[in-house]
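These are the residues of each chain, in order.
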Amino acid sequence: METATGSRPHRVVVLALDGLLPFELGIPHRIFGRPKDAAGRHLYEVVTCSVRPPGPVETDADFAIQVGHGPETLATADTVIVPASYELGPVFEEGVLTEDLAAALGHIRPGARLASICTGVYILAAAGFLDGRPATTHWADADRLQRLFPRIQVDPDVLFIDDGDVLTSAGVAAGIDLCLHMVRRDHGTAVANEVARRTVVPPHRDGGQAQYIERPVPDPQQATTTGARAWALGRLHEPLTLRDMAARESMSVRTFTRRFREEVGVSPGQWLTRQRVERARHLLESTDLSVDQVARDAGFGTAQSMRQHLQTALGVTPTAYRRTFRTGAALRT
């Protein structure tokens, strides 16, 4: 990936379709428009294009937007992002691209990274980019996506899926999670966290879509696991057990585990491991601590244990991660 430290910033081209949601269209501009290198140069360039020559594009609101670039702009993209639209026509109904969409997508060069927000996934699916791959979308559309495109491995429970050169996200705000993830993947947690702080959103949301599906309203007197989570985050360097966390909320282990999964979307063990991985990433990027010390401070105990968890979560060793992202501390947004 080319960045501002090379010949040019990484170019993100956002495809604006009729019926688009203005909020989702703005997400890539907000997230990718912030990061800069130490010299103050933008790490990304964000451009919006249409499937037609420059002109107005209708939204799902009571206004249109003026798009200044046509479909040929997709040929210049390092990353293409397709936000949701409520007017996908035959793409949504039959899984078939319209002529103008097919022609527009034909401009995308081999090797470009592709991403979708919410129902934008239907465009990538109809174009064949997701055949044989895992993907996600808004939980309310997941069953339809699976029926229409049986060759896709649809996961309705996650906020986003990173399959290397093709990434997909769930509905609306999950587009923020996805874009922050791409910044984190490109430039490390320090840069992504700073973008998140300036956007006033969490740098990483726990769990998946299951926590947002409508359920009966809980009893307001019902205990939650919020306090236990806050308590655990302040003690990641210590040995923590499920029994310890349950005791903080005066619950049995069984009740705590069930309540935790309902609120967060993953098990306490999965959540705790994820927090320790994030802590390790931060320390590897921002400090000169040895790998052994990072492992102890993040709560993994040994370097070997941390190596296994980072390899599973990120696909790289602690040393390789530090080599890639140690300079991230010098970047600013």
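Residues numbered from 1 in each chain as written. Predicted model: local features only at pLDDT ≥ 70, side-chain atom pairs only at ≥ 80, totals over all residues. Heavy atoms only, no water.

### Considerations on the overall build of the chain
Thought 1: Assigned secondary structure in the chain consists of 14 helices and 10 strands.
Thought 2: In terms of C-alpha radius of gyration, the chain reaches 21 Å, essentially the compact-globule figure of 20 Å for 333 residues.
Thought 3: Principal-axis analysis of the C-alpha atoms gives the chain an extent of 60 × 50 × 35 Å.
Thought 4: Nonlocal contacts in the chain, meaning residues at least 24 apart in sequence, comprise 65% of its contacts between residues at least 6 apart. (Helix = DSSP H or I, 4+ residues; strand = E, 2+ residues; numbered from the N terminus. Rg over C-alpha atoms; globule rule 2.2 N^0.38 Å. Contact = heavy atoms within 4.5 Å.)

### Comments concerning the layout of surface pockets
Thought 1: For the largest pocket, the calculated volume is near 990 Å³.
Thought 2: As for the largest pocket, its lining consists of 32 residues, and the residues nearest its centre are His181, His204, Arg274, Ala313 and Leu314.
Thought 3: Taken together, the elements giving at least two residues each to the lining of the largest pocket come down to β9 (160-162), α6 (174-187), α11 (268-286), α13 (303-314) and α14 (318-325).
Thought 4: Looking at the lining of the largest pocket element by element, the count peaks at 6 residues for α11. (1 Å grid on protein atoms, 1.4 Å probe; cavity = no way out; pocket = protein on both sides within 12 Å on 5 of 7 lines; lining within 4 Å. Points joined across faces, edges and corners; volume = space filled by probe spheres on them.)

### Considering the sheet that holds β9
Thought 1: Reading across the sheet, the 6 strands line up as β2-β1-β5-β6-β10-β9 and stay open at both edges, with mixed pairing between neighbours. Edge positions in the sheet fall to β2 (44-50) and β9, since each has one partner strand and no second. If you compare each strand with its neighbour and ignore which way they point, the axes differ by 15° on average.
Thought 2: As paired strands, β9 and strand β10 (residues 166-169) are joined by 3 bridges and run antiparallel to one another. (Pairing = 2+ DSSP bridges. Axes fitted to C-alpha atoms, helices over the stretch in contact; angles between N-to-C directions.)

### Remarks on the packing of aromatic side chains
Thought 1: Applying the stated criterion to the full structure yields 5 aromatic pairs.
Thought 2: Where phenylalanine 32 meets tyrosine 44, the ring centres are 4.8 Å apart and the plane angle is 65°; that geometry is what we call edge-to-face. One end of the pair, phenylalanine 32, is in helix α1 (residues 22-32); the other, tyrosine 44, is in strand β2, with 12 residues separating them in the sequence.
Thought 3: Residue classification places tyrosine 44 among the buried residues on the basis of a relative accessible area of 3%. (Phe/Tyr/Trp six-rings, centres within 6.5 Å; stacked < 30°, edge-to-face > 60°. Buried < 20%, exposed > 50% of the residue type's maximum accessible area, 1.4 Å probe, protein only.)

### Comments concerning the pattern of salt bridges
Where charged atoms from two side chains of opposite charge come close, those side chains can pair.
Thought 1: Tallied over the full model, the rule gives 16 salt bridges.
Thought 2: Between aspartate 165 and arginine 133 there is a salt bridge; the shortest N-O distance is 2.9 Å. In this pair, aspartate 165 sits in the loop between β9 and β10 while arginine 133 sits in the loop between α4 (121-126) and β7 (134-135), placing the two residues 32 residues apart along the sequence.
Thought 3: Classification of aspartate 165 by relative accessible area gives partly exposed; the value is 37%.
Thought 4: A salt bridge links arginine 197 to glutamate 194; the nearest nitrogen and oxygen atoms lie 2.6 Å apart. You can see arginine 197 and its partner glutamate 194 sitting in helix α7 (residues 189-199), 3 residues apart, about one turn around the helix.
Thought 5: Classification of arginine 197 by relative accessible area gives exposed; the value is 54%.
Thought 6: Each of Arg8, Asp78 and Arg109 takes part in a single network of salt bridges with overlapping partners. (Salt bridge = Lys/Arg side-chain N within 4 Å of Asp/Glu carboxyl O.)

### Section: the packing of helix α8 (residues 226-233) against helix α10 (residues 253-264)
Helix packing geometry: the angle between the two helix axes and the distance between the axes.
Thought 1: Direction vectors running N to C along α8 and α10 enclose 90°, while the axes themselves pass 10 Å from each other. Overall, the two elements α8 and α10 adopt an arrangement that is roughly perpendicular. Touching Thr226, Ala228 and Arg229 of α8 are Phe256, Phe260, Glu263 and Val264, all from α10.
Thought 2: Along the lines of polarity and charge, the residues of the contact of α8 with α10 split into 4 nonpolar, 1 polar and 2 charged. (Parallel < 35°, antiparallel > 145°, perpendicular 65-115°, else oblique. Nonpolar A, V, L, I, M, F, W, Y, C, P; charged D, E, K, R; others polar.)

### Notes on the nonpolar core
Thought 1: Counting residues in each nonpolar core, the largest one holds 31 residues, and the members touching the most others are Leu15, Leu17, Leu74, Leu101, Ile123 and Leu130.
Thought 2: Residue assignment for this core shows that the elements contributing at least two residues are β1 (10-16), β5 (79-82), α3 (99-105), α4 and α5 (142-148).
Thought 3: In terms of residue count, α4 provides more of this core than any other element does, 5 residues in total.
Thought 4: Excluding residues that lie within four positions of it along the chain, leucine 101 makes contacts with Leu15, Leu17, Val51, Val91 and Ile123.
Thought 5: Counting 30 residues, the second largest nonpolar core, distinct from the first, contains Phe32, Ile81, Cys179 and Met182. (Core = buried A, V, L, I, M, F, W, Y, C linked by side-chain atoms within 4.5 Å.)

### Digging into the confidence of the model for the chain
Thought 1: When pLDDT is averaged along the chain, the result is 88; 90% of the residues meet or exceed 70.
Thought 2: Of the regions scoring below 50 in pLDDT, residues 213-221 engages in 2 contacts with residues more than four places distant in sequence or in other chains.
Thought 3: Low pLDDT (under 50) marks residues 328-333, which in the prediction has 24 contacts with non-local residues, meaning those over four places away or in another chain. (pLDDT = per-residue confidence, 0-100.)

### A few points about α8
Thought 1: Within the sequence span of α8, burial applies to Ala228, Arg229, Trp231 and Ala232. Down the axis, α8 shows its buried residues gathered within 165° of arc, on one side only.
Thought 2: Buried residues in α8 make contact with α9 (242-248), α10 and α11. (Arc of directions from axis to C-beta.)

### As for the packing of α10 against α11
Thought 1: Two elements in contact, α10 and α11, have axes separated by 9 Å at closest approach and are oriented at 60°. What the angle tells us is that α10 and α11 run oblique. Touching Phe256, Thr257, Phe260, Arg261 and Val264 of α10 are Pro268, Gln270 and Trp271, all from α11.
Thought 2: Of the residues belonging to the contact of α10 with α11, the class tally is 5 nonpolar, 2 polar and 1 charged.

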